Amino acid sequence: MKAKWIALLLAVVMVPAPAWAAPPTWSPPANLVTPLAQVWQHQEQTYGDLYGFRNYGWDQVMANRGYINYCVRWDSTASVTAAQRDQIQATLARQHKKWMDELVGHNAWPYADVPVKVVGWAVRNRSQLQWTDSSVDIYVNDIRENAPQCSEPCGRFFHQNAQYPSCPGGYAHHYDQSLWLTDGFGGGAGGDWGQRIGREYFMGNLTATNIHILLHEMGHTWGLDDFYDWTPTGVGGFLMQAGTATQITEFDAWMFRDWWRHLKNRYGY
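Just so it is clear, the structure is predicted and the values come from calculations on it, not from any experiment.

A. Structural detail: the overall build of the chain. Looking only at helices and strands, the chain has 7 helices and 10 strands in total. When the backbone C-alpha atoms are referred to their principal axes, the chain occupies close to 70 × 55 × 35 Å. Buried positions account for 46% of the 269 residues belonging to the chain. In the chain, 65% of the contacts between residues at least 6 apart in sequence involve partners at least 24 apart. Approximately 12600 Å² of the chain is accessible, and the part contributed by carbon and sulfur atoms is 54%. Taken together, the 20 basic and 24 acidic charged side chains of the chain have centroids lying 9 Å from each other.

Pasting the structure below:
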């Protein structure tokens, strides 16, 4: 009987853990150790509240226990069909997944997948949205920064304690980030509030493998820096160095993982 229990115990112990439940590790390639250290030191020296700030993408996904909600700010005179609405969500989710996939199986990251859902749309005129179903919340002609905005009571940017007592529909209807699509907008912007890029650029790349401006701005939402005035030792041509890469590179991925390494303790990992 004793031997039987030992055999059962060994069988349990030897069952491999899921990839996303890998033990804590930090093992960047040797050639990236120095530039990664330089990047983190630069962020410590230049970010006003690097460790105290509590609305990085990391804080948002942890508050939700593994997902991100978006609201689309349709800063445009164009109309949107139901099919386009669904394509926009699918494209946004596909691009977001490219960053999240870089964490799977790494350094105790707890999620195998981080779903993205568009829960709302903000528009100047309801007639621009050519659907009648109630699959998303719709906000009409509420203007902020000269653009339609999504409900403040439902926005994480306005409620960084992750409490939404005045949001119609409650927590399920809150949004963590905005995808702000603006007619004629060149380049991009990104932060804890979400990402802003050109409406024409995004709609023209709905089937693209990499929407590199959006990917770059998503990097900022998770804390990654810009590199306009310096380049870390021994690296070059990476997504967060604007204009030098069109997809997430190995160096981008390790900078991203370095954020998790430095912040994960605040979430108990």
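B. Looking closely at the state of the cysteines. Summed over the entire model, instances satisfying the criterion amount to 2 disulfides. Across the disulfide, Cys154 is cross-linked to Cys167 (sulfur-sulfur distance 2.1 Å). The sign of the 100 degrees torsion about the S-S bond sets the Cys154-Cys167 disulfide as right-handed. Separated by 13 residues along the polypeptide, Cys154 in the loop between strand S7 (147-148) and strand S8 (177-182) and Cys167 in the loop between S7 and S8 bring together distant segments of the chain. The burial state of Cys154 is the same as that of Cys167; both residues are buried. The connectivity of the disulfide bonds within the chain can be written as 1-2, 3-4, using the sequence rank of each bonded cysteine.

C. Geometry of the sheet that holds strand S5 (residues 137-140). The mixed open sheet is built from 6 strands, whose spatial order is S5-S3-S1-S8-S10-S9. On the outer flanks of this sheet lie S5 and strand S9 (188-191), each paired with one strand and no other. For this sheet the average axis-to-axis angle between neighbouring strands, irrespective of direction, equals 20 degrees. When strand S3 (residues 116-123) meets S5, the two strands line up parallel, connected through 4 bridges. When the sheet's bridge partners are listed, Trp121 is paired in S5 with Ile138. Across the sheet, helix H4 (residues 82-100) lies against strand S1 (68-75), S3 and S8, angled at about 130 degrees from S3, the strand it touches most. With respect to the sheet, helix H6 (residues 212-221) is in contact with S1, S8, S9 and strand S10 (194-198), its orientation differing from that of S10 by roughly 155 degrees.

D. Highlighting the nonpolar core. Counting residues in hydrophobic clusters, the biggest one holds 58 residues, and the most contacted among them are Trp58, Trp74, Trp99, Trp109, Trp121 and Phe202. Ranked by residues supplied to this core, first place goes to helix H7 (residues 250-263) with 8 residues. Among residues more than four places away in sequence, those in contact with Trp58 are Leu103, Trp109, Trp222, Phe256, Trp259, Trp260, Leu263 and Tyr267.

E. Structural view of the layout of surface pockets. In this structure, the largest pocket spans a volume of roughly 190 Å³. Residue composition of the lining of the largest pocket, by class: 6 nonpolar, 2 polar and 3 charged. When its volume is computed, the second largest pocket comes out at roughly 160 Å³. Looking at the second largest pocket, the residues that line it are Tyr47, Phe53, Tyr56, Gly190, Gly191, Asp192, His220, Thr221, Gly223 and Leu224. Elements with a minimum of two residues in the lining of the second largest pocket: S9 and H6.

F. Broad picture of the packing of H4 against H6. Between H4 and H6, the least distance of the axes is 10 Å, while the angle of their chain directions is 55 degrees. Classed by the angle they form, the pair H4 and H6 counts as oblique. Pair H4 / H6 crosses with right-handed handedness. Mapping the contact onto sequence places Leu92, Gln95, His96, Lys98 and Trp99 in H4 and Leu214, Leu215, Met218 and Gly219 in H6. For the contact of H4 with H6, a count of residues per class yields 5 nonpolar, 3 polar and 1 charged.

About the criteria used
- Residues numbered from 1 in each chain as written.
- Predicted model: local features only at pLDDT ≥ 70, side-chain atom pairs only at ≥ 80, totals over all residues.
- Heavy atoms only, no water.
- Helix = DSSP H or I, 4+ residues; strand = E, 2+ residues; numbered from the N terminus.
- Buried < 20%, exposed > 50% of the residue type's maximum accessible area, 1.4 Å probe, protein only.
- Contact = heavy atoms within 4.5 Å.
- Areas by Shrake-Rupley, 256 points an atom, 1.4 Å probe, with all protein chains shown as cover.
- Lys, Arg positive; Asp, Glu negative; His and termini not counted.
- Charge placed at Lys NZ, Arg CZ, Asp CG, Glu CD.
- Disulfide = S-S within 2.5 Å.
- Pairing = 2+ DSSP bridges.
- Axes fitted to C-alpha atoms, helices over the stretch in contact; angles between N-to-C directions.
- Core = buried A, V, L, I, M, F, W, Y, C linked by side-chain atoms within 4.5 Å.
- 1 Å grid on protein atoms, 1.4 Å probe; cavity = no way out; pocket = protein on both sides within 12 Å on 5 of 7 lines; lining within 4 Å.
- Points joined across faces, edges and corners; volume = space filled by probe spheres on them.
- Nonpolar A, V, L, I, M, F, W, Y, C, P; charged D, E, K, R; others polar.
- Parallel < 35°, antiparallel > 145°, perpendicular 65-115°, else oblique.
- Left-handed = near helix turned anticlockwise from the far one by under 90°.

Don't take any of this as a statement about function, it's just geometry.
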